[in-house]
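Chain and residue survey
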Amino acid sequence: QVQLVESGGGLVQAGGSLRLSCGASGRTFSSYVMGWFRQAPGKEREFVAGITRSGGSTYYTDSVKGRFTISRDNGKNTVYLQMNKMKPDDTAIYYCAADKRFAVAISTRPSSYDYWGQGTQVTVSS
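Note that the structure is predicted; figures quoted are calculated from it, not measured.

Another point: the nonpolar core. Counting 30 residues, the largest nonpolar core has L4, W36, V79, L81, M83 and Y94 as its most contacted members. The set of elements that each furnish at least two residues to this core consists of strand 3 (18-24), strand 4 (33-39), strand 5 (46-51), strand 7 (68-73), strand 8 (78-83), strand 9 (92-99) and strand 11 (120-125). Contacts of M83, omitting those with residues within four sequence positions, involve G16, S17, L18, L20, R67, F68, Y94 and V122. By size, the runner-up hydrophobic cluster in this structure holds six residues, among which are F37, F47, A97 and Y113.

Here the structure, examined in full by the defined rule, presents five salt bridges. The partner of D62 in a salt bridge is K65, and the shortest N-O contact between them spans 3.0 Å. D62 sits in the exposed class, given a relative accessible area of 61%. The exposure class of K65 is partly exposed, given its relative accessible area of 45%.

Turning our eyes to something else, we now look at the packing of aromatic side chains. By the definition in use, this model includes seven aromatic pairs. With centroids separated by 6.0 Å and ring planes inclined at 70°, the aromatic side chains of Y32 and Y115 adopt a geometry described as edge-to-face. Highlighted residues: Y32 in the loop between strand 3 and strand 4 and Y115 in strand 10 (residues 115-116), separated in sequence by 83 residues. For Y32, a relative accessible area of 8% translates into the label buried. Aromatic pair Y95 and W116: ring centres 6.4 Å apart, planes at 80°, arrangement edge-to-face. On the criterion of sequence distance, the pair formed by Y95 in strand 9 and W116 in strand 10 is long-range, its members being 21 residues apart. Note on W116: relative accessible area 27%, which makes it partly exposed.

Criteria and cut-off values
Residues numbered from 1 in each chain as written. Predicted model: local features only at pLDDT ≥ 70, side-chain atom pairs only at ≥ 80, totals over all residues. Heavy atoms only, no water. Core = buried A, V, L, I, M, F, W, Y, C linked by side-chain atoms within 4.5 Å. Buried < 20%, exposed > 50% of the residue type's maximum accessible area, 1.4 Å probe, protein only. Helix = DSSP H or I, 4+ residues; strand = E, 2+ residues; numbered from the N terminus. Contact = heavy atoms within 4.5 Å. Salt bridge = Lys/Arg side-chain N within 4 Å of Asp/Glu carboxyl O. Phe/Tyr/Trp six-rings, centres within 6.5 Å; stacked < 30°, edge-to-face > 60°.

Laid out in structure tokens, this is it:
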């Protein structure tokens, strides 16, 4: 069992930046592909970014490419999401998730992820 706890959300003006963190319990963090998802009111949960176990590969949804960066520190059991040039459309609850399947590829499907954090609210004002 893995427990994930997000932090770093808040209110930011359009064009600004935020850095989300997700800390994980347990000693197997480095064995999980990690992902960030978001869910806006009235919308389905959508994939934002993912990172492989070693951190060597990343993948982003098109709308955040060039603005968001996912990274991880396996020594600290933490995954990060650096968000720059933020837009009002980025407003959502952001969740980190862990995929315990021994897979190489990053899945964009929420159903592929086994453990979820409680979420952190991000609001971008125009």
